[in-house]
Amino acid sequence: EESKIAPGYLQEPNNGAYGIVTSNGLETNMDILGTYKKDWDDFSVSVSAGGNLMYAKGSSISNSSRAGLIVPNVFTVQNISSGSLLYNNYRSERAINSVYAMANLSWKYMLFLDLTYRNDWSSTLPAENRSYDYPSASLSFLLNELVKMGKVDMFKLRGGWAQVGNDTDPYRLYATYGNAGQWGDATRLAKSSGLLAPNLKPEIATSVEFGADLKMFSNRLRFEGTYYTIDNVNQILNVPLAASTGFSSVQINAGLFQSKGWEILLGGTPISNANWQWDIDLNFTKNETKIIELEEEVDFISFWDEARVRNIGYVKDDALGQDGLVGNLYSREVKRVEDENSPYFGYPILGSGLDAEWEGEEEYSKIGNYNPDFILGMQSALSFKNFSLNMTFDWRSGGQYVSQTYRYLSESVITQTWLNELVNPGELGGAASMELRDWVVANADELLLSDRLRPVGGPTPEFGGFPESFSGVTVYDGTFTPGVVGEYDSDGNFILDHENLGNPGTTFVPYVVSYPWDIGRANMFDADYIKIREIALSYQLPFAIADKIGMQDVNFSIYSRNIMLWIKDSDLGVDPERAFQAESNGTFKQGVERYNVNPWVIPIGFKLGFTF
């Protein structure tokens, strides 16, 4: 993989840039499998056993320029000065040895029992913990084969239990030194900022599910329903540590995570004749994951931390009011007057810069959860003779996210949404008047006590802008943040310094600095949406015509995607499916959107298929 950047491209300094990377990867698998089958009058059995040896290795070596080349447009490693050379070398190996067996038993082709077992030994785990099992058992019963049910084509009852193990990546047991770049001509090495765990255990997921499948009226009515629970123990996670420890995090086997959910499919064929057929299917999914246990002395798991918002998972504890849900978003709240005897009880407390004050570093409150309450999909297929029209719809209900993009654009006062959020008080005696102050207090539920606080004023007189003279010239683009300035005495009584409610003494600031909030509740949005995800119109050439030209099948289709998006918070314009923050290591933070707003694109495609 070779990169050449000419001088001046992307403002690259010092005569351009050059880099070359060589990567190698190999995986080998050796399998042996034996199977025995036997049928009796009412019984059938199939038993298999075998083993697998998996070995994988990878390596890479890279050289690139940090600050540019010595001679422009000479793209060689020798043309990179020693102080500007970035180099890295990586090697990894991984092996898993396995033995496995499976058995399939049936009785009168109505009762089926499937059993499996597998045992793995992984090189990435410590010797005492590197062996883990994959047992499973499932039972299904075709009730319609035992009892005749008229128009019922199939009625199946099923249940299953399974356990799955998982190892980890290579070199996650002991700290090793890695290349940290150069300091002049000196080579620097560094260890990971996180503590590793030499006694890691394999992750184990145990699932139980029950379900039923029903087909009626020659498959014109279809139903599939499944309820499942999954217990994940020993999940390998990084837990944040206090900076005073000298490390950023510690790697642990977390405890017990439990998922519960439903998957339901309902389908039908309302129309079916010689020329027309219409198939429609609805699929419903609902899932909830909770933290049931954590390791001792671990109170919570922090999945990510972004400004004043965190994705934290607490252990389920009814006494403490913790629901234990994975996906919860927590934020520091705006500081408010807590003195119930004060006439300003519940009002925001403003700081010296007249921005909102925030609660303490460790005082976070739950503001939402990025997971949906449920997802409903619909697929429709309508055909007439050789033409077919297929459509796909999706509906997500519930869930929230916070938007860094909206926060930054609003701070720069260039979003229509932020303009819509401004409050225009109309003609109320002008700025710094008691009439304006009384109007703000009269609308306290919206302007002072609401979770979504808004400034009063605007960028022009037409938008309610107040006079301000920060530039030395009176301009009618002023706004103010409703709230109070003050502090508590030793008895917890709130002592007012001054009001900032539109009264005399209120500070009016230019609209361009009118956004007083950081990321948090003020930048949280609902993630509900409805999408027409895809439409495709197809035509299949009649078989007789295709056969004459030597083809088995010829078909043509035109399709388009992203036909429509309806979102609950429509002013923002963010696709909730992109409400995540991409990280440089290929992972992403769910529930916080940052610079992930793309233009809505509706592609149109054509497809021509031949089968000989």
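Preceding this paragraph is the structure being described.
Structural notes, computed from the coordinates. All residue numbers refer to position in the chain's written sequence, counted from 1. In keeping with the model being predicted, local features are shown solely for residues with a pLDDT of at least 70 and side-chain atom pairs are shown and tallied solely at 80 or more, while totals for entire chains, interfaces and linings include all residues. Processing note: side-chain calculations cover all non-hydrogen atoms of the structure and skip hydrogens and water entirely.

1. Some details on the overall build of the protein
Working step 1: Looking only at helices and strands, the protein has six helices and 37 strands in total.
Working step 2: We compute the radius of gyration from the C-alpha atoms alone; for a globule the expected value is 2.2 Å times N to the 0.38, where N is the number of residues. The C-alpha radius of gyration computed for the protein amounts to 32 Å, which surpasses the reference 25 Å derived for 612 residues by more than 25%, pointing to a less compact arrangement than a globule.
Working step 3: With respect to the three principal axes, the spread of C-alpha positions in the protein is 95 × 70 × 65 Å.
Working step 4: When each of the 612 residues of the protein is scored for burial, the buried share is 38%.
Working step 5: By definition in these notes, contact holds between two residues if any of their heavy atoms fall within 4.5 Å. The contacts of the protein with a sequence gap of at least 6 include a subset with a gap of at least 24, amounting to 64%.
Working step 6: Note on areas: Shrake-Rupley with a 1.4 Å probe; residue coverage comes only from the protein chains shown. Of the accessible surface of the protein, which amounts to about 34000 Å², a share of 55% is contributed by carbon and sulfur atoms.
Working step 7: Charge counting treats Lys and Arg as positive and Asp and Glu as negative, with His and both chain ends excluded. A charged residue contributes its charge at one atom only: NZ of Lys, CZ of Arg, CG of Asp or CD of Glu. The averaged location of the 77 negative side-chain charges in the protein is 10 Å from the averaged location of its 47 positive side-chain charges. Secondary structure counts use DSSP, requiring at least four H or I residues in a row for a helix and at least two E residues in a row for a strand, with both numbered from the N terminus. Think of it in three bands: with a 1.4 Å probe and only protein chains considered, a residue is buried below 20% of the maximum accessible area for its type, exposed above 50%, and partly exposed in between.

2. With respect to helix α4 (residues 434–442)
Working step 1: If you check which residues of α4 are buried, you get Leu436, Arg437 and Val440. The arc enclosing the buried residues of α4, seen along the axis, measures out at 100°, which places them on a common side.
Working step 2: Here the buried face of α4 lies against α5 (444–447), β26 (466–468), β27 (475–480) and β29 (494–500). It is the directions from the helix axis to the C-beta atoms whose arc is reported.

3. Quick notes on the sheet that holds strand β36 (residues 592–593)
Working step 1: The three strands lie next to each other as β31-β24-β36, forming an open sheet whose pairing is mixed. A strand with exactly one partner marks an edge of an open sheet, and here the two such strands are β31 (524–526) and β36.
Working step 2: Looking at chain direction, strand β24 (residues 400–403) and β36 are connected through two bridges and run parallel. Residue Val402 lies in a different strand from β36, and its bridge partner there is Val592.
Working step 3: Contacts from helix α2 (residues 404–411) reach β24, β31 and β36 within the one sheet, and its direction differs from that of β24 by about 40°. A pair of strands is considered paired only if DSSP assigns at least 2 bridges between the two. Between N-to-C directions, angles span 0 to 180 degrees; the directions come from axes that are lines fitted to C-alpha atoms, helices contributing only their stretch in contact.

4. What to know about the pattern of salt bridges
Oppositely charged side chains can pair when the atoms bearing their charge come close.
Working step 1: The salt bridge definition used is simple: a Lys or Arg side-chain nitrogen within 4 Å of an Asp or Glu carboxyl oxygen. Scanning all chains against the criterion turns up 18 salt bridges.
Working step 2: Put simply, Arg158 and Glu209 hold a salt bridge, and the shortest N to O gap is 3.7 Å. Here the residue Arg158 occupies a position in strand β8 (residues 152–166), and Glu209 occupies one in strand β12 (residues 203–216), the gap between them amounting to 51 residues.
Working step 3: Take Glu209: its relative accessible area is 35%, and that puts it in the partly exposed class.
Working step 4: With a closest N to O distance of 2.8 Å, Arg158 and Asp213 form a salt bridge. Pair noted here: Arg158 is in strand β8 and Asp213 is in strand β12, with a separation of 55 residues, a long-range link.
Working step 5: In the salt-bridge network here, residues are joined through shared partners; they are Asp394, Lys531, Arg533, Asp575 and Glu577.

5. Description of the nonpolar core
Working step 1: Take the buried Ala, Val, Leu, Ile, Met, Phe, Trp, Tyr and Cys residues and link them wherever side-chain atoms come within 4.5 Å; each set so joined is a nonpolar core. Core analysis: the biggest nonpolar cluster contains 17 residues, and Val337, Tyr347 and Phe480 have the highest contact counts within it.
Working step 2: Every element with two or more residues in this core is listed here: α4 and α5.
Working step 3: In contact with Tyr347, other than residues within four places in its own chain, are Lys335, Arg336, Val337, Val441, Ala444, Leu448, Leu449, Val484 and Leu501.

6. What about the packing of aromatic side chains?
The description of an aromatic ring pair uses the distance of the two centres, along with the angle that the planes make with each other.
Working step 1: Here a Phe, Tyr or Trp ring, Trp counted by its six-membered ring, pairs with any other such ring whose centre lies within 6.5 Å, and the pair is stacked when the planes are under 30 degrees apart, edge-to-face when over 60, and tilted otherwise. Enumeration over the complete set of coordinates arrives at 19 aromatic pairs.
Working step 2: Between Phe387 and Tyr539, the aromatic rings sit 4.7 Å apart at their centres with planes inclined by 45°, giving tilted as the arrangement. Here Tyr539 lies in strand β32 (residues 529–540) and Phe387 lies in strand β23 (residues 387–397), a separation of 152 residues in the sequence.
Working step 3: Here Phe387 falls in the partly exposed class, since its relative accessible area comes to 42%.
Working step 4: On the accessibility criterion, Tyr539 (29% relative accessible area) is partly exposed.

7. Quick notes on the sheet that holds strand β21 (residues 364–369)
Paired through backbone hydrogen bonds, the strands of a sheet run either parallel or antiparallel to each other.
Working step 1: One open sheet holds the four strands; their spatial order is β18-β19-β20-β21, and the pairing between them is antiparallel. Each edge of the sheet is formed by a strand with only one pairing partner; in this case those strands are β18 (300–306) and β21. Here the strands of the sheet are splayed against their neighbours by 35° on average, with no regard to which way each runs.

8. Quick look at the side chain of Ser46
Working step 1: Considering the arrangement of structural elements, one finds Ser46 in strand β3 (residues 43–65).
Working step 2: The contact partners of Ser46, leaving out residues within four places of it in the chain, are Thr35, Tyr36, Lys37, Met102, Ala103 and Asn104.

9. A few points about the environment of Asn119
Working step 1: Note that Asn119 resides in strand β5 (residues 111–122).
Working step 2: Sequence spacing of Asn119 and Pro135 is 16 residues, and the spatial spacing of their C-alpha atoms is 8.4 Å.
Working step 3: If we ignore the near neighbours within four places in the chain, the residues touching Asn119 are Asn97, Ser98, Val99, Ser131, Tyr132 and Asp133.
Working step 4: Within the structure, Asn119 has its side chain in polar contact with the side chain of Asp133 (distance 2.6 Å). We define a polar contact as two N or O atoms separated by no more than 3.5 Å, with the added condition that, inside protein, one atom must be a possible hydrogen donor and the other a possible acceptor, whereas residues neighbouring each other in sequence contribute only through side-chain atom pairs.

10. Here we look at the side chain of Ser249
Working step 1: Mapped onto the secondary structure, Ser249 falls in strand β15 (residues 249–253).
Working step 2: Classification of Ser249 as buried rests on a relative accessible area of 14%.
Working step 3: The residues touching Ser249, leaving out its near neighbours within four places in the chain, are Ser193, Gly194, Leu195, Asn238, Val239, Pro240 and Leu241.

11. Some thoughts on the environment of Arg118
Working step 1: Inspection of the secondary structure assignment puts Arg118 in strand β5.
Working step 2: Taking the C-alpha atoms as reference, Arg118 lies 5.7 Å from Asp133; in sequence the two are 15 residues apart.
Working step 3: Apart from residues lying up to four places away in sequence, Arg118 is in contact with Ser98, Val99, Tyr100, Tyr132, Asp133 and Tyr134.
Working step 4: Among the polar contacts listed, one links the side chain of Arg118 to the side chain of Ser98, at a separation of 3.1 Å.
Working step 5: A distance of 2.9 Å separates a polar atom in the side chain of Arg118 from a polar atom in the side chain of Asp120.

12. Focus on the environment of Glu224
Working step 1: Inspection of the secondary structure assignment puts Glu224 in strand β13 (residues 221–233).
Working step 2: Taking the C-alpha atoms as reference, Glu224 lies 9.4 Å from Lys156; in sequence the two are 68 residues apart.
Working step 3: Apart from the residues lying within four places of it in its own chain, the contact partners of Glu224 are Ala212, Asp213, Glu263, Ile264 and Leu265.

13. Some words on unusual backbone geometry
Working step 1: One non-glycine residue with positive phi stands out, namely Asn562, at about 55°.
Working step 2: Note that Asn562 resides in strand β33 (residues 553–567).

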